[in-house]
Amino acid sequence: MDNQRDNQSISPTETAIKARVDAILGRMSLEEKIGQLTQLGAMAFMPGPKPEDVIRKGGAGSVLWLTDRKQFNVLQKVAVEESPSGIPLLFALDVIHGYHTIFPVPLAMASSWDPSVAERAQTVAAREARAAGIHWSFGPMLDIARDARWGRIVEGAGEDPFLGAAMAVAQVRGFQGDVLGAPDRVLASAKHFAGYGASDGGRDYDPVYLSESQLRNTYFPPFEAAVKAGVGTIMSAYMDLNDVPAGANRFLLRDVLRGEWGFNGFVVSDAFAVGNLVIQGFARDGRDAALRALSAGLDMDMASNTYGQHLAGLVEDGSLDVAEIDAAVRPILSIKVRMGLFEQPYTDESMLEQVIALPAHRQEARLAAQRSMVLLRNEGGLLPLSKQLSNVAVIGPLADSMEATEGSWMIFDHKPAAVTVLAGIRARLSAAAVSYAPGPEIKRDIPSMFDDFVPPADRKPDQSPADAEAAYQTALDTARHADLVIMVLGESANMAGEFASRASLDLPGRQEELLKAVVALGKPVVLVLLNGRPLSINWAAENVPAILEAWEPGTEGGHAVADILFGDVNPGGKLPVSFPRKGAHSPIYYARNITHQPETSPMYRSRYWDGLPTPLYPFGFGLSYTTFSFTNLKVSAAQVKVGAAITVSIDVTNTGAIAGDEVAQLYIHQKSGSDSRPMRELKGFERLTLQPGETKTVTFKLGPAELRHWSTNAGKWLQDAAAFDLWVGADCLASLQTEFEVVS
Ligand code: NOJ
């Protein structure tokens, strides 16, 4: 099995690594080999023997969810000194957007449209995590998400494969560095392969049905880009993809990942997913699950111990050949060798304190947060605010919430330590100038599983209706006495993420009611949104003069919000997802095919008879405190041969009075051909900083990689000879247009 792994022509270093892996493998028992395919869940609730007893027997190749970092070296010592072959463990954790210094959530980082933001963030995250003893992060999450109801939209780069691929490469580089093995980097895991973001109804884990065209044109590109960038591991998704669970899906794990893309790292399941093949109604029992997952190309079993229980029996009764076990173990050993773990298995326990105290990390987090925020509205130039304001009310349940500021995944013994929006504004204006009232609390109707991670002593009792009403009135009173009101509304951290899908996208609780009442006071109102998904803020979009989408901005979030509100930083982020007007409009995305009755047709009214089907804010949208113009759009040739490339250039000018950032975005549409193609597809972008009056020329290349598509009709990748429209501008509705033709 797995010829690709063995047949590639390899360099002397690769030959040496292979020889070393073979030598290690040669001295391992079958039991130990199966151990390498087993990732042990080290959480208190996990059943079974103590981790050290399993490790001593060589029964685990990796450990995840360890939160007591002193344990890393203790367990590693058992693996290296007491287990039969002394193979070091890989310690793994979800380091999604920071370990100690928390960065904006990935959806926010994608809003920067600046891959270097994501690369630098994951570089810092890797440095801090590695200093704590972690070798392997379960990131980046590369699921394209076009349904804002799906809670995990927060963890990815949004709806677009081109932007998603750029963010994927940047994050892989940030985590891993140029080559595996740097002492301040970690192994990355591109997840969840593949299609998880397209679950029916946006309900987490529900089945996914995607055509091969959708998979290859839209859902695969970030993963393929990560593989090309050298990602060491891939995590398979939980759900059924076209009726085959992703973790036992040979098409995904063998045909595409290894066969077509030449991936030579290893595949890990999602947590408990191998065992869950039985619950999913796919495998008959654990034995069947182990056999079918391994045969499909899944190397490491995360936390279910199904491999541990059944693989040996499957080899003994001849259902599996030991060569198939070896083929799964090899890439795991190879990664351990590449990472230098055999030479340096231990962590210097004094490192973490030094590393997390680095001021540069906080500076990076602040910069990332500044670059991630998106200005959605600024009527009458209400923003930026004056720094001389002396009577500002900051209102809302998230205004002083460290959890909402840091966002999802802060569950592994992390102590919240963010600068909240309130703290950021107070630091800017002086505490005396700022009054604060949270208003009624918000909470999920159905609790999150992650609520259980909060120690019972730290859990707050629910607010009573009477207390909520009193908080509402206090908030209104506080606003009434201020000259200007900053409302900080949105979703709390566990309202997005895993187990966090919702049917409605409205502001939860009484937030909109409070917003309306505050606006009715007639004061200037600024709305700052903290949230991990697009929200349907229809009323605010028409009635609140200034709206800043701050997402879940991380440790320095409050400072970054203040930097933007008070004009020290000019916002330049752009939406990586469309904002639907209602949850019921999901999924919604710009790159859809044209219908037989398009928006331009005289017959067209709306696709819904009860409202507009267009997004509230389009993909790529975001305002600035200055203005820009796009002129002089040129293509290097009106015709290009199949297989050749053209260049596109555009002049972007800052036409306003202050410096600012604009993102030049290039979209194409293939007008006819072997298949219908989306009305627009992003094929180039660049974020620019421009001084007042300054013009920069941006050049994009369009070659076969950008002009081809997976053809349903041909059943393969194809570049049609066809006419194309092309637009460049500031969002997906860009109007500056030209044409070119691909000829054979
Ligand atoms: C389940 C999640 O789906 C996945 O993203 C995560 O990495 C694992 N659990 C491990 O925590």
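Residues numbered from 1 in each chain as written. Predicted model: local features only at pLDDT ≥ 70, side-chain atom pairs only at ≥ 80, totals over all residues. Heavy atoms only, no water.

Turning next to the overall build of the protein chain. Helix and strand counts for the protein chain stand at 24 helices and 26 strands. The C-alpha atoms of the protein chain give 26 Å as radius of gyration, which agrees with the globular expectation for 744 residues (27 Å, within 12%). Oriented by its inertia axes, the alpha-carbon framework of the protein chain measures out at about 75 × 70 × 45 Å. Classification of the 744 residues of the protein chain by burial places 59% in the buried group. In the protein chain, the share of contacts with a sequence separation of at least 24, taken over all contacts with a separation of at least 6, comes to 78%. As presented, the protein chain carries roughly 27800 Å² of accessible surface, and 52% of it is formed by carbon and sulfur atoms. Positive and negative charge centroids in the protein chain, built from 67 and 87 side chains respectively, lie 3 Å apart. (Helix = DSSP H or I, 4+ residues; strand = E, 2+ residues; numbered from the N terminus. Rg over C-alpha atoms; globule rule 2.2 N^0.38 Å. Buried < 20%, exposed > 50% of the residue type's maximum accessible area, 1.4 Å probe, protein only. Contact = heavy atoms within 4.5 Å. Areas by Shrake-Rupley, 256 points an atom, 1.4 Å probe, with all protein chains shown as cover. Lys, Arg positive; Asp, Glu negative; His and termini not counted. Charge placed at Lys NZ, Arg CZ, Asp CG, Glu CD.)

What follows is about the domain arrangement of the protein chain. Domain annotation for the protein chain reports domain 1 (3-93 + 188-338), domain 2 (359-585) and domain 3 (628-743). Centre-to-centre, using C-alpha coordinates, domain 1 lies 39 Å away from domain 2. Surface buried jointly by domain 1 and domain 2 totals about 670 Å² across both partners, of which 60% is contributed by carbon and sulfur atoms. Viewed at the interface, domain 2 and domain 1 are joined by zero salt bridges. Taken together, the links from domain 1 to domain 2 amount to four residue pairs in polar contact (both at pLDDT 80 or more). (Domains from an automatic or database assignment. Buried area = accessible area lost by both parts, 1.4 Å probe. Salt bridge = Lys/Arg side-chain N within 4 Å of Asp/Glu carboxyl O. Polar contact = N/O pair within 3.5 Å; in protein donor to acceptor, adjacent residues only side chain to side chain.)

This next bit is on the pairing of strand S21 (residues 681-690). The buried fraction of S21 is high, at eight of 10 residues. With nine bridges joining them, strand S20 (residues 660-670) and S21 adopt antiparallel strand pairing. Paired with Tyr-667 across the bridge in S21 is Leu-682. (Pairing = 2+ DSSP bridges.)

Now for the packing of helix H17 (residues 359-372) against helix H23 (residues 557-565). H23 packs onto H17 with a crossing angle of 50° between their chain directions and a minimal axis gap of 8 Å. As the angle between them shows, H17 and H23 are arranged oblique. Of the two elements, H17 crosses H23, and the hand of that crossing is right-handed. Judged by residue contacts, Arg-366, Ala-369 and Gln-370 of H17 engage His-559, Ala-560, Asp-563 and Ile-564 from H23. Within the contact of H17 with H23, the residues separate by chemical class into three nonpolar, two polar and two charged. (Axes fitted to C-alpha atoms, helices over the stretch in contact; angles between N-to-C directions. Parallel < 35°, antiparallel > 145°, perpendicular 65-115°, else oblique. Left-handed = near helix turned anticlockwise from the far one by under 90°. Nonpolar A, V, L, I, M, F, W, Y, C, P; charged D, E, K, R; others polar.)

The end-to-end C-alpha distance of H17, which contains 14 residues, comes to 20 Å, matching closely the 20 Å that a straight helix rising 1.5 Å per residue would cover. If you check which residues of H17 are buried, you get His-361, Ala-365, Ala-368, Ala-369, Gln-370, Arg-371 and Ser-372. (Expected span 1.5 Å × (residues − 1).)

Look at helix H2 (residues 12-26) against helix H15 (residues 322-338): their axes get within 9 Å of each other, and the N-to-C directions meet at 120°. Compared by their axis directions, H2 and H15 come out oblique. The handedness of the crossing between H2 and H15 comes out as right-handed. From H2, Glu-14, Ile-17, Arg-20, Val-21, Asp-22, Ile-24 and Leu-25 reach across to H15, where they touch Asp-326, Val-329, Arg-330, Leu-333, Ser-334, Val-337 and Arg-338.

Of the consecutive residues Leu-383 and Pro-384, the connecting peptide bond is found in the cis state with omega at -5°. For Pro-384, the position within the fold is in the loop between strand S11 (374-378) and strand S12 (392-395). For the bond from Ser-586 to Pro-587, the omega torsion is -5°, close enough to zero to count as cis. With respect to the helices and strands, Pro-587 occurs in the loop between H23 and strand S17 (628-635).

So, on to the sheet that holds S21. Judged by pairing direction, the sheet is mixed, and its five strands sit side by side in the order S18-S26-S25-S20-S21 without closing on themselves. A single partner strand is all that each edge strand has here, and the edge strands are strand S18 (639-641) and S21. On average, each strand axis in the sheet is inclined to that of its neighbour by 25°, with strand direction left out of account.

Attention shifts here to the site of the ligand. In the region of the ligand, 13 residues are neighbours, and Asp-94, Arg-152, Lys-191, His-192 and Asp-270 sit closest. Between an oxygen atom of the ligand and a side-chain N or O atom of Arg-152, the distance comes to 2.6 Å. Within the side chain of His-192, one N or O atom sits 2.6 Å away from an oxygen atom of the ligand. Alone, the ligand offers 300 Å² of accessible surface; in the complex the protein occludes 97% of this. Residues belonging to the shell around the ligand are distributed by class as follows: seven nonpolar, one polar and five charged. (Near = heavy atom within 4 Å.)

A word on the pattern of salt bridges. Across all of its chains, the model carries 43 salt bridges by this definition. With a closest N to O distance of 3.0 Å, Arg-56 and Asp-53 form a salt bridge. Here Arg-56 and its partner Asp-53 are both found in helix H4 (residues 51-56), three residues apart, which amounts to about one turn of the helix. In this structure, Asp-725 and Lys-671 form a salt bridge, with 3.7 Å as the shortest nitrogen-oxygen distance. Of this pair, Asp-725 sits in strand S25 (residues 723-729) while Lys-671 sits in the loop between S20 and S21, and the two are 54 residues apart along the sequence.

Let us now look at helix H19 (residues 421-429). Within H19, the full set of buried residues consists of Val-421, Leu-422, Gly-424, Ile-425 and Leu-429. Buried residues of H19 fall within an arc of 165° about the axis and therefore sit on the same side. Of the surrounding secondary structure, the elements contacted by the buried residues of H19 are S12, strand S13 (434-437), strand S14 (484-490), strand S15 (525-530) and H23. Directly after H19, the chain includes Ser-430, whose backbone phi takes a positive value near 95°. (Arc of directions from axis to C-beta.)

Turning to the sheet that holds strand S3 (residues 90-93), a few remarks are in order. Spatially, S4-S3-S2-S1-S10 is the arrangement adopted by the five strands of the open sheet, whose pairing is parallel. The sheet is open, and its two borders are formed by strand S4 (136-137) and strand S10 (301-302), each paired with just one other strand. Bridging between strand S2 (residues 62-64) and S3 involves three bridges; their strand directions are parallel. What sits directly across from Ser-62, in S3, is Leu-90.

This part takes up the packing of aromatic side chains. This model, assessed by the stated rule, comprises 26 aromatic pairs. Ring geometry for Phe-72 and Phe-91: centres 4.7 Å apart, planes at 55°, overall tilted. Taken together, the residues Phe-72 in helix H5 (residues 70-82) and Phe-91 in strand S3 connect sequence positions 19 residues apart. Across this residue pair, the class does not change: Phe-72 and Phe-91 are buried. When the centroid spacing of 5.6 Å and the interplanar angle of 85° are considered together, the rings of Tyr-205 and Phe-499 count as edge-to-face. Here the residue Tyr-205 occupies a position in the loop between strand S5 (189-193) and helix H9 (212-219), and Phe-499 occupies one in the loop between S14 and helix H21 (511-519), the gap between them amounting to 294 residues. By relative accessible area, Phe-499 is classed as partly exposed at 30%. Aromatic ring contacts, followed pair by pair, group Trp-150, Tyr-196, Tyr-205, Tyr-238, Trp-409, Phe-412, Phe-450 and Phe-499 into a single cluster. Over the face of the ring belonging to Phe-282 we find Arg-292, whose NZ or CZ atom lies 3.8 Å from the ring centre. Positioned above the aromatic ring of Trp-717, the side-chain terminus of Arg-708 is 3.8 Å from the ring centre. (Phe/Tyr/Trp six-rings, centres within 6.5 Å; stacked < 30°, edge-to-face > 60°. Lys NZ or Arg CZ within 6 Å of the ring centre and 35° of its normal.)

With that settled, consider the confidence of the model for the protein chain. Mean pLDDT over the protein chain works out to 96, with 99% of the residues at or above the 70 mark. The low-confidence segment residues 1-7 (pLDDT under 50) makes 14 contacts with residues lying over four places distant or belonging to another chain. (pLDDT = per-residue confidence, 0-100.)

To continue, consider the environment of Ser-676. By the secondary structure assignment, Ser-676 is in the loop between S20 and S21. The class of Ser-676 is exposed, set by a relative accessible area of 55%. Once the C-alpha coordinates of Ser-676 and Pro-692 are considered, the two residues, 16 residues apart in sequence, prove to be 42 Å apart.

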